[in-house]
Amino acid sequence: MTAPVDHAAVGLSATEALRVRVQRGDGVADYVVPRRANQTVLDVVTEIQRDQDPTLAYRFACRVGMCGSCGMTVNGRPRWTCRTRVAAVAPDGVLTLEPLRNLPVVKDLAVDMEPFFEKWRRAHGYFEPGENPPDDFATVAPSSPARQEVDAGIECINCGVCYAACDLVTWNPDYLGPAALNRAWTLVNDVRDRDRDRLVAVAGDAGCHSCHSHMSCTEHCPKGLSPTFSIAGLKRETGKAALRRFWRRG
Amino acid sequence: MRTATSTAGRTGITRASLRRPGFAAALIHRLSGIALALFLPMHFIALGTALQGADRLESFLGLTHNGFVRTAEWGLVCALAVHMAFGLRVLAIEWLRFRERNALVVSGCLATAFAVGLLFLLSGA
């Protein structure tokens, strides 16, 4: 599923030229780009880089909303730029582009995603098949509650938009972040997974219990996912695990 | 074409994310909690005066019969109501799997809190 995209066309009253302000290493650079039909923000950046300023650095790959590499801050909001139409976000003809928040900038609009993926590893965001492979395929009913929970969070494309939108990551740089916790939640609900330490990994000081439910991740996710509710699920499971441990000890 | 490079500095990056309804709910929840925590010691001081006799308590309560304290009292009732409403919202999201995706619930919590405040005023307290 994808969040609804505004397919706004260029209005009749739209200006012919688009003013683009780009946050670069040495300050804010101003560019003027002609408006075109169905122009996306990524089209604008590519046009600047190819026709006006080859030193401008940015990142993209698929251009169709699959790879998650073109995330930028567009007019103060983190977005995937390949699926964001200029007409929908810059009605007054001004576009301000900045790198994603909460991540170190490599150059201009390209950020270093290493901290983002390092937190995936810290949250055990990878499938753990266990010591011995199972004898047969696991039977997972699509209608089972666990599978439904997985379905709700599985379409993440690792674009980092939720990570950039999260206030908690800004306040606590160690916080695992919405994407890593969302991935951990899908694996907690995977009946084939054999990782017994995942709940411990996500329950620490910088884990799921740090989430304040601001819901910025859910608001901004271009895929329409709800990391807030995945994190709420982790809070429930870690809470139940703690109660079980307490019960056994008592 | 590139026309100018202005001085380095922030250009209002991602401040919009701070203005989401969820952020407002979390902020108001915490501020109302702080207000209640500040009130609690004063409440205990007032109760403590009763230990020194009814006259002492009465004279202390006499100090509270002014407009400022009455207004603060109304604010306190609102803070209590809003703290409870937003607390129930968090519990609903975290324990009841309530999937709230819009500002309606946050607005509802605020409206409920002020309705309680209004009832307090109408009750002639």
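Predicted model only: the values in this text are computed from it and were never measured.

About the thresholds
Residues numbered from 1 in each chain as written. Chains lettered and ligands numbered in written order. Predicted model: local features only at pLDDT ≥ 70, side-chain atom pairs only at ≥ 80, totals over all residues. Helix = DSSP H or I, 4+ residues; strand = E, 2+ residues; numbered from the N terminus. Buried ≥ 20, exposed ≤ 12 C-beta atoms within 10 Å, placed from the backbone. Contact = placed C-beta atoms within 7 Å. Domains from an automatic or database assignment. Nonpolar A, V, L, I, M, F, W, Y, C, P; charged D, E, K, R; others polar. pLDDT = per-residue confidence, 0-100. Expected span 1.5 Å × (residues − 1). Pairing = 2+ DSSP bridges. Core = buried A, V, L, I, M, F, W, Y, C linked by C-beta atoms within 7 Å. Axes fitted to C-alpha atoms, helices over the stretch in contact; angles between N-to-C directions.

Moving on: the overall build of chain B. Helix and strand content of chain B: four helices and zero strands. In sequence order, the secondary structure elements of chain B are arranged as α-α-α-α. By residue count, 19% of the 125 residues in chain B fall in the buried class. A sequence separation of at least 24 residues applies to 80% of the contacts in chain B between residues at least 6 apart.

Attention now moves to the domain arrangement of chain A. Residues and elements named next belong to chain A. When the domains of chain A are assigned, the result is domain 1 (17-111) and domain 2 (114-249). Elements supplying a minimum of two residues to the side of domain 1 that touches domain 2: β3 (71-74) and β4 (77-80). Residues of the side of domain 1 that touches domain 2, tallied by class, amount to six nonpolar, four polar and four charged.

Residue and element names in this part refer to chain B. Per-residue pLDDT for chain B has a mean of 81; in total, 82% of the residues score no lower than 70. Averaged pLDDT values for the elements of chain B fall to 82 in helix α2 (residues 54-63) and rise to 90 in helix α3 (residues 67-95). Low confidence marks residues 4-12, where pLDDT is under 50. Its contacts with residues over four positions away, or in another chain, come to 15 contacts. With pTM at 0.86, the complex prediction returns an ipTM value of 0.76.

What follows concerns helix α10 (residues 227-249) of chain A. Along its 23 residues, α10(A) runs 33 Å from first to last C-alpha, staying within 8% of the 33 Å computed at 1.5 Å per residue. Within α10(A), burial applies to P227(A), T228(A), F229(A), S230(A), I231(A), A232(A), G233(A), L234(A), K235(A) and T238(A). Looking at the buried residues of α10(A), the elements they touch are α4 (145-153), α5 (161-165), α7 (178-188), α8 (198-202) and α9 (216-220) of chain A together with α3 of chain B.

What follows deals with the pairing of β4(A). Residues and elements named next belong to chain A. Summarising the sheet, β3 and β4 pair through four bridges and their orientation is antiparallel. Note on β4: the bridge partner recorded for M72 is R79. The antiparallel pairing of β3 with β4 creates a hairpin that spans two residues between the two strands, and N75 there sits at a positive phi of about 50°.

If a residue is not glycine, its phi is most likely negative; likewise, a peptide bond is most likely trans. Residues and elements named next belong to chain A. Even without being glycine, N75 reaches a positive phi, approximately 50°. Here N75 shows up in the loop between β3 and β4. Judged by the 19 C-beta atoms lying within 10 Å of it, N75 falls in the partly exposed class. A positive phi angle, near 55°, is found at H124, a position not held by glycine. With respect to the secondary-structure elements, H124 resides in the loop between α3 (114-122) and α4.

A separate point is the environment of V150(A). Residue and element names in this part refer to chain A. With respect to the secondary-structure elements, V150 resides in helix α4. Each C-alpha atom of the pair V150 and R183 lies 8.9 Å from the other, and the pair is 33 residues apart in sequence. Excluding anything up to four places from it in sequence, V150 contacts T186, N189 and D190.

Another aspect to go through is the nonpolar core. Formed by 59 residues in total, the largest nonpolar core has its most connected members in V20(A), V44(A), L95(A) and L181(A). No other element matches α7(A), which puts six residues into this core. Residues within four places of L95(A) in sequence aside, it is in contact with L18(A), V20(A), V41(A), V44(A), V74(A), N75(A), V86(A) and A90(A). In terms of nonpolar packing, the next biggest core, distinct from the first, is built from 13 residues, A25(B), A26(B), L76(B) and V105(B) among them.

Residues and elements named next belong to chain B. Their axes nearest at 6 Å, the elements helix α1 (residues 21-50) and α2 cross at an angle of 145°. Taken together, the residues of α2 that come into contact with α1 (itself represented by A46, T49 and A50) are R56, L57 and F60. Of the residues assigned to the contact of α1 with α2, the class counts are four nonpolar, one polar and one charged.

One key point about sheets: their strands pair by backbone hydrogen bonds, in either a parallel or an antiparallel sense. Residue and element names in this part refer to chain A. Read across the sheet, five strands follow the order β2-β1-β5-β3-β4 without closing on themselves; strand pairing throughout is mixed. The open sheet has two free edges, formed respectively by β2 (27-34) and β4, since each of these has just one partner strand. Taking the axes of each pair of neighbouring strands and ignoring which way they run, one obtains an average angle of 35° across the sheet. Of the strand pairs in this sheet, strand β1 (residues 17-24) and β2 are connected by eight bridges, and their pairing is antiparallel. By the bridge assignment for β2, L18 is matched with V33. Where helix α1 (residues 41-52) meets the sheet, it contacts β1, β2, β3 and β5 (94-98), and its direction lies at approximately 95° from that of β2.

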